[in-house]
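Structural overview
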Protein chains: 2
Amino acid sequence: MDIAMINDQILPVADLPGAYLDRGLYFGDGVYEVVRSYDGRLFALDEHLARFDRSLREIQIAGVDIESVKQKVLSAVDAGGYANAKIYFHITRGSGMRDHLPARDMAPNFLLTVSELHDDPDAKQTGIAVVTHPDWRWKRCDIKSLNLLANVLARIEAQKKGADEAILVGDDGVITEGAMSAFFAIDGKEKTVITRPLGHEILPSITRSMVMQVARNAGLSVVEKALTPTQAAQCDELFIAVTTKDIVPVAEFDGIKIGNGQCGEWTARLMAEFRTLIKKASHS
Amino acid sequence: MDIAMINDQILPVADLPGAYLDRGLYFGDGVYEVVRSYDGRLFALDEHLARFDRSLREIQIAGVDIESVKQKVLSAVDAGGYANAKIYFHITRGSGMRDHLPARDMAPNFLLTVSELHDDPDAKQTGIAVVTHPDWRWKRCDIKSLNLLANVLARIEAQKKGADEAILVGDDGVITEGAMSAFFAIDGKEKTVITRPLGHEILPSITRSMVMQVARNAGLSVVEKALTPTQAAQCDELFIAVTTKDIVPVAEFDGIKIGNGQCGEWTARLMAEFRTLIKKASHS
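Computed from a predicted structure; not experimentally measured.

1. Observations concerning the pairing of strand β5 (residues 85-92) of chain A
Residue and element names in this part refer to chain A.
- Within β5, seven of the eight residues are buried, leaving the element largely enclosed by the surrounding structure.
- Bridge analysis of strand β3 (residues 30-38) against β5 gives seven bridges, and the strand direction is antiparallel. Looking across to β5, one finds that R36 is bridged to K86.
- Sheet analysis places β5 next to strand β6 (residues 109-116), joined by eight bridges and oriented antiparallel. Counted as the bridge partner of Y88 is T113 from β6.

This is the structure in structure tokens:
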């Protein structure tokens, strides 16, 4: 008889709860998104859904109606009732006995959670510490997949060093992005924001595209180029950007104090512009 | 209230079945093994457990007693009652609300399945077709982790092309290994078996080490070097090796017929030697 064992409990495979047959668990065979609301309004939901749709197509999960995903997100957010909510959702290819090759008739699995998002005003004022870590991720980081062990390991190492984020560095010696965020540098003299160009090596971050927009609003030009850690550490200001925290200044990079060792002037202006963008979005 | 949604069903997160909080599902934050039995006896179990222990240590999952894992495998195999069983097991870092950083008190989760293994004598006689695919995997393929989306995608592409296995090729243009197997070439004139040296790019395959042993028994010397697809296609014989199938000849490589287009002479000798090894192991 086909047998399963969960921790110490032996049971027939036929009695295994469905969640234990999810290809997300065996292979990370799925893609995800994280969206947030500000004051009861979802921010950039359509952009996240468009990226989700692309991720699904890139890993060839077919038959998902994005409009129905949108409706699910909206009803779950309503049920949660938080003004500032964090919404995580993923779709996996489906469930079945473990086999690399999926069955033809497999139905995708949807999972979503809503929790309250607490801002961290201290980090926004004093900035965070980041450390570099080798980028061990796969070669299609443009797909927001459930294969995140490299990110987890980098964050664990960063935490051991007292840092809040790991900045990943490829074999070619240049920064790709943060383990959970997009990464930016500011050259005050040149009035530029510098970030890595899109490609298979990084996520097409929604917040990154918002930052590029607010940078232009703030009078900075955007330069898309890759930086080495040494080059980054010499920049006037550094910051990370991610949906759940938007812009967070980097005060320390691999132990080196950046700029004034707190939130830099330009970063503060970008944060103010970002707040304006959020307000505009919530009135549209 | 924290809310979850499974497919169309909204529920409080507090009521979410535990399996949906497994870090294996969100991050692939775990490692696994596949072991088999021949005629009621587990083959190379200790070698697999030693590799499992190493994988756990490499991703810093602590507190797992390998002897207790062994006892679990043995009791589940007993419960299954198959002469030729396939045993899959994994350990994930634990369960909790999704956060890259694990909680300090997290207890690892163990999952195992036992199913019957059916040999495929036809494939062993006629050989299989393989196609090359870019190796998109992460940079620590020596760790047998649950981050297997690149393997899944390569197998799906191979299947579309009518092939049974994808042979992965790195950015440097040389073969790493199969998406589910170790890869070998035979130079009949030089009487050598060629396979890639171990490193972060490939799994330290147990079956690979067994093949190296039986190759020497058969009078072949082992050369550990990387091959380009062109070099591989020019070899006299090719085969893959994996726990669940041991040695399987490759009859076609990217559409090119290999050797006699069936199981080659040397490959047949290695398969015979492998059977001897299995018999010896089952009498030890």
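2. Side note on the sheet that holds strand β4 (residues 41-43) of chain A
- The strand order β4(A)-β3(A)-β5(A)-β6(A)-β1(B)-β2(B) describes an open sheet built from six strands, whose pairing is antiparallel. A strand with exactly one partner marks an edge of an open sheet, and here the two such strands are β4 of chain A together with β2 (9-12) of chain B. Ignoring which end each strand starts from, the neighbouring axes of this sheet average 25° apart.
- For strand β1 (residues 3-6) of chain B and β2 of chain B, the ladder comprises four bridges, and the chain directions are antiparallel. Bridge pairing in β2 of chain B links I3 of chain B to P12 of chain B.
- Here helix α2 (residues 45-58) of chain A sits on the sheet and contacts β3, β4 and β5 of chain A; the angle it forms with β3 of chain A, its principal contact strand, is near 180°.

3. Comments concerning the interface of chain A and chain B
- At the junction of the two partners, chain A supplies 74 residues and chain B supplies 73 residues.
- Between chain A and chain B, a total of about 6300 Å² is buried, with carbon and sulfur atoms accounting for 60% of that surface.
- Of the charged contacts, one joins K139 of chain A and D171 of chain B as a salt bridge, the two residues approaching to 4.0 Å between their closest N and O atoms.
- Connecting chain A to chain B are 32 residue pairs in polar contact (both at pLDDT 80 or more).
- When residues of the side of chain A that touches chain B are traced back to their parent elements, those giving at least two are β1 (3-6), α1 (23-27), β3, α3 (66-80), β5, β6 and α5 (149-160) of chain A.
- Ranked by residues supplied to the side of chain A that touches chain B, first place goes to α5 of chain A with ten residues.
- Looking at the side of chain A that touches chain B residue by residue, the classes come out as 38 nonpolar, 18 polar and 18 charged.
- Bridge count for β1 of chain A against strand β6 (residues 109-116) of chain B is four bridges, and the pairing is antiparallel. Paired with M5 of chain A across the bridge in β6 of chain B is L112 of chain B.

4. Describing the pattern of salt bridges
- A complete count under the given rule lists 38 salt bridges over all chains for this structure.
- In this structure, D8 of chain A and K72 of chain B form a salt bridge, with 3.4 Å as the shortest nitrogen-oxygen distance. Taken as a pair, D8 of chain A in the loop between β1 and β2 (9-12) and K72 of chain B in helix α3 (residues 66-80) lie in two separate chains rather than in one.
- Residue D8 of chain A is classed as exposed on the basis of its relative accessible area, which comes to 63%.
- Among the charged side chains, a salt-bridge network with shared partners connects R54, E58, R140 and D142 of chain A.

5. Focus on the domain arrangement of chain A
Residues and elements named next belong to chain A.
- Domain annotation of chain A identifies domain 1 (3-116) and domain 2 (121-282).
- Domain 1 and domain 2 are separated by 27 Å when their C-alpha centres are compared.
- Facing 25 residues of domain 1, the contacting portion of domain 2 comprises 21 residues.
- Contact with domain 2 buries surface across domain 1, with Y32, F43 and R51 losing the most and accounting together for 32% of the total.
- Counting every contact that joins domain 1 to domain 2 gives two salt bridges.
- Across the pair E58 and R140 runs a salt bridge whose closest N-O atoms are separated by 2.9 Å.

6. Some words on the confidence of the model for chain A
- Scored by pLDDT, chain A has a mean of 96; 99% of the residues are at 70 or more.
- Among the scores for the predicted complex, ipTM is 0.96 and pTM is 0.97.

7. Quick word on the sheet that holds β1 of chain A
- Spatial ordering of the open sheet is given by β2(A)-β1(A)-β6(B)-β5(B)-β3(B)-β4(B), a layout of six strands whose pairing is antiparallel. A single partner strand is all that each edge strand has here, and the edge strands are β2 of chain A together with β4 (41-43) of chain B. Direction aside, the axes of adjacent strands within the sheet are offset by 25° on average.
- Seen against the sheet, α3 of chain B touches β1 and β2 of chain A together with β4, β5 (85-92) and β6 of chain B and runs at an angle of roughly 35° to β6 of chain B.

8. As for the packing of helix α2 (residues 45-58) of chain B against α3 of chain B
Residue and element names in this part refer to chain B.
- Here α2 crosses α3 at 130°, and the two axes come no closer than 10 Å. Judged by the inter-axis angle, α2 sits oblique to α3. Of the two possible hands of crossing, α2 and α3 adopt the one that is right-handed. Within the contact between the two elements, α2 uses L45, D46, L49, F52, D53 and L56 and α3 uses I66, V69, K70, V73 and L74.
- Residue classes in the contact of α2 with α3 are distributed as eight nonpolar, no polar and three charged.

Quick notes on the rules
Residues numbered from 1 in each chain as written. Chains lettered and ligands numbered in written order. Predicted model: local features only at pLDDT ≥ 70, side-chain atom pairs only at ≥ 80, totals over all residues. Heavy atoms only, no water. Buried < 20%, exposed > 50% of the residue type's maximum accessible area, 1.4 Å probe, protein only. Helix = DSSP H or I, 4+ residues; strand = E, 2+ residues; numbered from the N terminus. Pairing = 2+ DSSP bridges. Axes fitted to C-alpha atoms, helices over the stretch in contact; angles between N-to-C directions. Contact = heavy atoms within 4.5 Å. Buried area = accessible area lost by both parts, 1.4 Å probe. Salt bridge = Lys/Arg side-chain N within 4 Å of Asp/Glu carboxyl O. Polar contact = N/O pair within 3.5 Å; in protein donor to acceptor, adjacent residues only side chain to side chain. Nonpolar A, V, L, I, M, F, W, Y, C, P; charged D, E, K, R; others polar. Domains from an automatic or database assignment. pLDDT = per-residue confidence, 0-100. Parallel < 35°, antiparallel > 145°, perpendicular 65-115°, else oblique. Left-handed = near helix turned anticlockwise from the far one by under 90°.

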